[in-house]
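# Geometric and topological summary
Here are the chains, one letter per residue:
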There are 4 protein chains.
Amino acid sequence: MKEKVVLAYSGGLDTTAIIPWLKENFDYEVICCCIDCGQGEELDGLEERAKLSGASKLYIENIIDEFCDDYIVPCVQAGAVYENKYLLGTSMARPGIAKKLVEVARKEGATAICHGATGKGNDQIRFELGIKALAPDLKIIAPWRMTDIWTMQSREEEIEYCKQHGIDLPFDASHSYSRDRNLWHISHEGLELEDPAVEPNYDDLLVLGVTPEKAPDEPEYVTMTFEKGVPKSLNGKEMKVSEIITELNKLGGKHGVGIVDIVENRVVGMKSRGVYETPGGTILMEAHQQLEELVLDRATYEVKKDMGNKLAQVVYEGKWFTPLREAIQAFVESTQEYVTGEVKFKLYKGNIIKAGTTSPYSLYSESLASFTTGELYDHHDADGFINLFGLPLKVRAMKLAEANKNK
Amino acid sequence: MKEKVVLAYSGGLDTTAIIPWLKENFDYEVICCCIDCGQGEELDGLEERAKLSGASKLYIENIIDEFCDDYIVPCVQAGAVYENKYLLGTSMARPGIAKKLVEVARKEGATAICHGATGKGNDQIRFELGIKALAPDLKIIAPWRMTDIWTMQSREEEIEYCKQHGIDLPFDASHSYSRDRNLWHISHEGLELEDPAVEPNYDDLLVLGVTPEKAPDEPEYVTMTFEKGVPKSLNGKEMKVSEIITELNKLGGKHGVGIVDIVENRVVGMKSRGVYETPGGTILMEAHQQLEELVLDRATYEVKKDMGNKLAQVVYEGKWFTPLREAIQAFVESTQEYVTGEVKFKLYKGNIIKAGTTSPYSLYSESLASFTTGELYDHHDADGFINLFGLPLKVRAMKLAEANKNK
Amino acid sequence: MKEKVVLAYSGGLDTTAIIPWLKENFDYEVICCCIDCGQGEELDGLEERAKLSGASKLYIENIIDEFCDDYIVPCVQAGAVYENKYLLGTSMARPGIAKKLVEVARKEGATAICHGATGKGNDQIRFELGIKALAPDLKIIAPWRMTDIWTMQSREEEIEYCKQHGIDLPFDASHSYSRDRNLWHISHEGLELEDPAVEPNYDDLLVLGVTPEKAPDEPEYVTMTFEKGVPKSLNGKEMKVSEIITELNKLGGKHGVGIVDIVENRVVGMKSRGVYETPGGTILMEAHQQLEELVLDRATYEVKKDMGNKLAQVVYEGKWFTPLREAIQAFVESTQEYVTGEVKFKLYKGNIIKAGTTSPYSLYSESLASFTTGELYDHHDADGFINLFGLPLKVRAMKLAEANKNK
Amino acid sequence: MKEKVVLAYSGGLDTTAIIPWLKENFDYEVICCCIDCGQGEELDGLEERAKLSGASKLYIENIIDEFCDDYIVPCVQAGAVYENKYLLGTSMARPGIAKKLVEVARKEGATAICHGATGKGNDQIRFELGIKALAPDLKIIAPWRMTDIWTMQSREEEIEYCKQHGIDLPFDASHSYSRDRNLWHISHEGLELEDPAVEPNYDDLLVLGVTPEKAPDEPEYVTMTFEKGVPKSLNGKEMKVSEIITELNKLGGKHGVGIVDIVENRVVGMKSRGVYETPGGTILMEAHQQLEELVLDRATYEVKKDMGNKLAQVVYEGKWFTPLREAIQAFVESTQEYVTGEVKFKLYKGNIIKAGTTSPYSLYSESLASFTTGELYDHHDADGFINLFGLPLKVRAMKLAEANKNK
């Protein structure tokens, strides 16, 4: 009996060409596994396509809700943003995919997992670290790094290779942006983006929405509620997180929200330039933060910001299934106990403009904040506070003056 | 001979009323000192007003360039932002004012400094920590905290008090937003803002610009250059930093950029809600970061972000004249060595949209970033990298599996 | 009916004198509450003494186990050490005491809590922040800061005051070190320690043990086990944490372990110099860390160190009952999942010398670590790892060389 | 003309065998370069040995003072310690060696550098990252990773290989600890240390000193001075840093100071167990910190600790020649401005016991620290300080109580 390999399969040209290649070079039985994280692609006919290409089986696994609840929500709660801009859309999806691939491999008794990520990107790391952490015994095959036996250099050559192996499918040979899409975002790389001096060609580029210039002239108000840091309703209607993100994507896309143009540092050591569209995600993170402003105290807010940055690094590097990610998540969850309330904002041509926030656990006190003296605040206390708060500066100034005098 | 006190004087009702109050309650000779950080107020006639109010002297000190070069630039380079939103406009100005007050006090042989900051805010701390650090021997008088002898409770009472002391000036008794303005920003507190559930009344509120809705329908392109992290030119014209900020304020204000609505945590322990307009500053910080993306390596970028957050805390707390601020600034300056280049972006209805970045020290390499294999990058290296990068995860998974088996 | 105040009572002169003072100045009914954290003092006769002094009731509350389980263990797990040396003995005890005082106040329907901490120390903050967090409505009375009505300046005057109020107890007027003791440690301040240039007079000072010079010439081996980061047994005998600490105190004290001489920075803004004896605690923290070396991965270890430092700050500042402390503790607890195993070490004249560590969850692999190549490690991987790990440095060097050439 | 390779040469068996191997496999002209960081080996006769082995030239470069001034001092000032224990002895030396190898390569017009570090350790990374950063064009040869052509598996085989190539030198075939020594430390790995459950065999192991048990029964007092964080004199005698470390090594070694037994996490992903002797370094770092306690303020101390940890990571990972290391060093240097003064301590059987510290810039104030009220401190200030310091906790408690009531 042949050994089995589970292939992360998208139905596209690259992963389709891998099927005959795996059989030819390793004599594997190929199990395809297409994992739906909300990439919005046509999955109809995928089974025929996989089998026609020589796969013995195709799994289609929808992990959208798991993606939202187990990966997105913790990152939103943490405020995890990589290098000030990137909302981790691809990074958060990869470990969930790796987990599902391992599950299928176990079910099938496969001995290897194969993915189509390139040898220069972050995704190979994220897939493989996920697999190593969950199934250290499984072999990993990354064709694009096996330049000795993976000799195809272009889409034309891949199409030709497929044809030679009896796969005659209507693939498009034309070169486009390199993209990754899921429920949370779509990323774009390549073409004119490869020169950071060049403005992105947004009209060709954008998939999930429009530029601020093309957005409606009328703003649109939105309300959202959260319970313990988890989004619960949108415009008064309770929904699953995945439904909220879906709706926010429509709203954000329509109003030109969440387009980011970034030069980022990859884990493998080089800078790359990309454009991300994260319409719903941008709104969700902003809305969550809007609520946190009201309910988190200063010290927690500050340290949580560091933890969010740290989580962004960890997730970006593909280290989801690690004790450090778990510990950071435990920290963050602890802070979400009272992140419950309603936020209101309006969307207008790329802007998310706050329009009021309320929470039963708000730490804001109007009487405390205003200039009049209330019961809780004695202005004289500020004298003492400042005297002790500034004592180290004062003592230092006196001591140094004395030291300089003695010289 | 009477002891002298230096009063931080704005020409407004509050600080004018302090003049007779200081004379009455302490028998001081009052030296007024009006420090121009770009608040854009009418300074004509200030001298007459001060003297009419009983001051023996008025200093008008323009520290705009010092404010820009010594306070703003280090914070821009650090990317210092308080609680994700606040660009520290007031916080950065206070130490410069304190320094000047101390200089005047020394020149005049004064024994005390008086300021009109309230007893609930951050500014009292910033003024006083500055003074304590620079002149620990000087007495500090904060009338608004001296509720036993400062008995005026309203603008009406202050006007009445002034009249009783022979000061008949055309002050307005009406209540408005509480504001602080300088070249970098204007802050607004009070009125409807005191309820975080309420949307700001931007039409009444805004001073430096318009809302995105009211901004022009045409975007406007801007180019800027930096040398070692210092802004050098705007749209091809070399200018002083203060001139660049002035121009950027006009551009940003026109295009609805830099309006922030925030509930923030004050040092004195309560939350407050305010709106900040920082049109030029928002652009400047974004432009600087746009360039840093190209020239900073990943590790530096990450640690610098933590340092920027730390600096924001330090500056917000009024601890400018401290060894910690100096050390953080030394760190940041070291990272700016190669932050030289040109950024281009367009302004459109509240958005700052990147439109190309170049630097002689760019670490971006098109051949490295693109999918093809170049001389610098061997795809096989990724195998080894991932194997070792993921080794701890793999070993852990194997060890834990073994431990669980042994149970 | 009189209002009630709960007084944190030790039976010593200071807190005894407070009893008549509270009655005289506030007309309170005084409920004394003596909280046993393992200070090892004679509690017999305390009830008579309290009543003789005018208290209407005395509670003696033993919180030793709670102190160990809820306060000490989390700090040990975190590796929380203040300013590199101080193991937080007093800091960890204060919140537990505050909590108990509040419980008694609630039970008694008291409206105020009184403590005898000085106005220059950290303990006033720790007590009062604990009370504010748990019972914000309770009034706090700190006699030593009420210099207008607390006029006693010396032990002689306190004894005299007691006598005048009919309290004739055998108090000692002589001046000694200022000390705080509990199960975890004893601190010493005052006398010759007030000059950091002077060597401590250890012969007079030490209470819990001896100096290394006076320790036995024979080393003593100790073994300990931990489960999920909690100490479980000592020398093969299972014990409660409080018993383990008690035994370790004897061992550490005997062998001169855990004596620290430090100049530390107090929260209230000045430096103070003290000597701490933490014989058992020093061993416990070292043993815990010895085990963590074997089971924590590198990334977790590094971030946990930062969290431990952060927790030390938070606890030192008296901010135990805060969301930040809870979140940090959640982080730390998450890391302790596999901190299970046995450590062996020997004690010898101030030294804790490792003598072997084992854990079922050890991440150490002899075959991996040794120089021979095993299945898990391919030396060629190091080529790829180093090439990518060093790629940013190499690219930077090339880019800067190019830039300099172009100048 | 043959291409030249510069070989990092120690005179030992491993690097000697590399000489003929390089000639045989690459047809290089081999330039040996022996870099003296204070490893204390016999350098006499090295030239003959190198030439006899087939090298065309031998450089002997003494970089001891550079090692001390440019690498050790910044790390001491930073308090850089890896994983709580390791004083970075090997890590700090590698970049200095790499720098010198590059200098020799440039001088000789060599095209490659060869080192004898193993494929499982950290040193290969440190050497190669140094070379990549300083000379990105140079080829790097690491024979021990070239398992296809470097086929020797044991010392016996290396000796045999040498003999076959006409090198008949008195090498010892016996297996011992794997060691790295320089002026700062010596590391030991291998043999019984490979099992963390086993106590080190210190009698065989130790090179630079004795165990605490074998140290003298008499303590020895030492005084040191620092200027701006740089050690200046020892026991009253001004010396170069290298001389101070040399003397401290003797003192520390004699008194059993600075022996560390650690399981550490290597960069390449596995744990390893080693013993370090750092007698002088341990004293130097402790003495420096003893002085810092007196002169650094609390906020600086805390952030500097984080920076020290960060530097330890950076240096351990071989990233010396990076902008991040430079920036951290700039931070640290800024904090050292006033780290000037004298420390006194005594050494006794593994202990460094403080015996007094003085500094003209001491921030310690006896009058402030003591319990009496001085001019600088008004006990009433503590009321205000605590009230505002605790305000967030109090407000939170009240708000949450209210919210719970409303439920």
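These figures come from a predicted structure and were not determined experimentally.

Here is what the cut-offs are and how they apply
Residues numbered from 1 in each chain as written. Chains lettered and ligands numbered in written order. Predicted model: local features only at pLDDT ≥ 70, side-chain atom pairs only at ≥ 80, totals over all residues. Heavy atoms only, no water. Least-squares fit on C-alpha atoms with pLDDT ≥ 70 in both. 1 Å grid on protein atoms, 1.4 Å probe; cavity = no way out; pocket = protein on both sides within 12 Å on 5 of 7 lines; lining within 4 Å. Points joined across faces, edges and corners; volume = space filled by probe spheres on them. Helix = DSSP H or I, 4+ residues; strand = E, 2+ residues; numbered from the N terminus. Nonpolar A, V, L, I, M, F, W, Y, C, P; charged D, E, K, R; others polar. pLDDT = per-residue confidence, 0-100. Pairing = 2+ DSSP bridges. Contact = heavy atoms within 4.5 Å. Axes fitted to C-alpha atoms, helices over the stretch in contact; angles between N-to-C directions. UniProt positions renumbered as here; feature names shortened; annotations may be inferred. Buried area = accessible area lost by both parts, 1.4 Å probe. Polar contact = N/O pair within 3.5 Å; in protein donor to acceptor, adjacent residues only side chain to side chain. Salt bridge = Lys/Arg side-chain N within 4 Å of Asp/Glu carboxyl O. Buried < 20%, exposed > 50% of the residue type's maximum accessible area, 1.4 Å probe, protein only. Phe/Tyr/Trp six-rings, centres within 6.5 Å; stacked < 30°, edge-to-face > 60°. Lys NZ or Arg CZ within 6 Å of the ring centre and 35° of its normal. Core = buried A, V, L, I, M, F, W, Y, C linked by side-chain atoms within 4.5 Å.

### Overview of the relation of the copies chain A and chain D
When chain A is fitted to chain D, the best match, at an RMSD of 0.0 Å, comes from turning it 180 degrees and sliding it 0.0 Å along the axis. Between the two chains, the operation in question is that of a two-fold axis. When each C-alpha of chain A is compared by its distance to the rotation axis, F385 of chain A comes out closest, at 1.8 Å.

### Focus on empty space enclosed by the protein
All chains considered together, the criterion is met by 12 cavities of 30 Å³ or more. One number sums up the size of the largest cavity: a volume of about 620 Å³. As for the largest cavity, its lining consists of 29 residues, and the residues nearest its centre are D306 of chain A, D306 of chain B, D306 of chain C together with D306 and K310 of chain D. Looking at which element gives the most residues to the lining of the largest cavity, the answer is helix α10 (residues 298–316) of chain C, with eight residues. Residues of the lining of the largest cavity, tallied by class, amount to eight nonpolar, seven polar and 14 charged.

### Topic: the confidence of the model for chain A
The predicted structure's coordinates, where accompanied by low pLDDT, should not be read in detail. Counting all residues, the mean pLDDT for chain A is 95, and 99% of those residues have values of 70 or more. This prediction of the complex comes with two scores: 0.98 for pTM and 0.96 for ipTM.

### A closer look at unusual backbone geometry
Not every positive phi belongs to a glycine, and N235 of chain A is a case in point at roughly 45 degrees. Looking at the element boundaries, N235 of chain A is found in the loop between β9 (230–234) and β10 (237–238). One non-glycine residue, L191 of chain B, lies in positive phi territory at about 50 degrees. Mapped onto the elements of the fold, L191 of chain B is located in the loop between β7 (186–189) and α7 (202–205).

### Description of the pairing of strand β7 (residues 186–189) of chain D
Residues and elements named next belong to chain D. As defined by bridge partners, strand β6 (residues 178–181) adjoins β7 across four bridges and the pair is classed as antiparallel. Looking across to β7, one finds that R179 is bridged to H188. Between β6 and β7, which pair antiparallel one after the other, the connecting turn spans four residues. As judged from the three bridges shared by β7 and strand β12 (residues 271–277), these two strands associate in the antiparallel manner. Across the sheet, I186 pairs through a bridge with E277, a residue of β12.

### Notes on the sheet that holds strand β8 (residues 220–227) of chain A
All names here are of chain A. Spatial ordering of the open sheet is given by β10-β9-β8-β13-β14, a layout of five strands whose pairing is antiparallel. With one partner strand each, in any of the chains shown, β10 and β14 (351–358) form the two edges of the open sheet. Packed on one face of the sheet, helix α9 (residues 279–295) meets β8, β9, β13 (341–348) and β14 and runs near 35 degrees to β14.

### So, the UniProt feature "domain: Arginosuccinate synthase-like N-terminal" (unreviewed entry) in chain A
As recorded in UniProt, the sites labelled "domain: Arginosuccinate synthase-like N-terminal" (unreviewed entry) are residues 4–167 of chain A. Across residues 4–167 of chain A, helical content stands at 48% and strand content at 15%; the span's end C-alpha atoms are separated by 21 Å.

### Looking at the interface of chain A and chain D
On the chain D side, the residues contacting the 27 residues of chain A number 27 residues. With both chains or domains summed, chain A and chain D bury close to 2500 Å², and 74% of this area falls on carbon and sulfur atoms. Where chain A touches chain D, the interface holds four residue pairs in polar contact (both at pLDDT 80 or more). When grouped by side-chain class, the residues that make up the side of chain A that touches chain D number 17 nonpolar, four polar and six charged.

### Brief notes about the pattern of salt bridges
Under the counting rule described, the total for this entry stands at 115 salt bridges over all chains. In this structure, D27 of chain C engages K2 of chain C in a salt bridge whose closest nitrogen and oxygen atoms are separated by 3.2 Å. Here D27 of chain C is found in the loop between α1 (13–26) and β2 (29–36), whereas its partner K2 of chain C is found in the segment before β1 (4–8), with 25 residues between them in sequence. Judged by relative accessible area, which is 42%, K2 of chain C ranks as partly exposed. Residues E199 of chain C and K346 of chain D are paired through a salt bridge, measuring 4.0 Å at the closest nitrogen-oxygen approach. Placement of the pair is E199 of chain C in the loop between β7 (186–189) and α7 (202–205) and K346 of chain D in strand β13 (residues 341–348), with the two residues belonging to separate chains.

### Examining the packing of aromatic side chains
To describe a pair of aromatic rings, one takes the distance between the centres and the angle between the planes. Using the criterion set out here, one finds 42 aromatic pairs over all chains in the structure. An aromatic cluster is built from W21, F26, Y28, W144 and W150 of chain A, whose rings are joined through pairwise contacts. A cation sits over an aromatic face here: R126 of chain B above Y316 of chain B, 4.8 Å from the ring centre.

### Side note on the nonpolar core
Core analysis: the largest hydrophobic core is formed by 412 residues, its most contacted members being M224 of chain A, M224 of chain B, M224 of chain C together with M224 of chain D. In this structure M224 of chain B touches P231, S233, L234, I244, L248, L284, A287, G341, E342, V343 and F345 of chain B, once residues within four positions along its chain are discounted.

### Let's talk about the relation of the copies chain B and chain A
For the match of chain B to chain A, the screw axis carries a shift of 0.0 Å, the RMSD comes to 0.0 Å, and the turn is 180 degrees. The overlap is high: 100% of the interface residues of chain B also sit at the interface in chain A, so the same surface is used on both sides.

### Re the UniProt feature "binding site: L-aspartate" (unreviewed entry) in chain A
All names here are of chain A. Sites flagged by UniProt as "binding site: L-aspartate" (unreviewed entry) map to T118, N122 and D123. Mapped onto the elements of the fold, D123 is located in helix α5 (residues 123–134). Not counting chain neighbours up to four residues away, the residues in contact with D123 comprise T90, R94 and A117.

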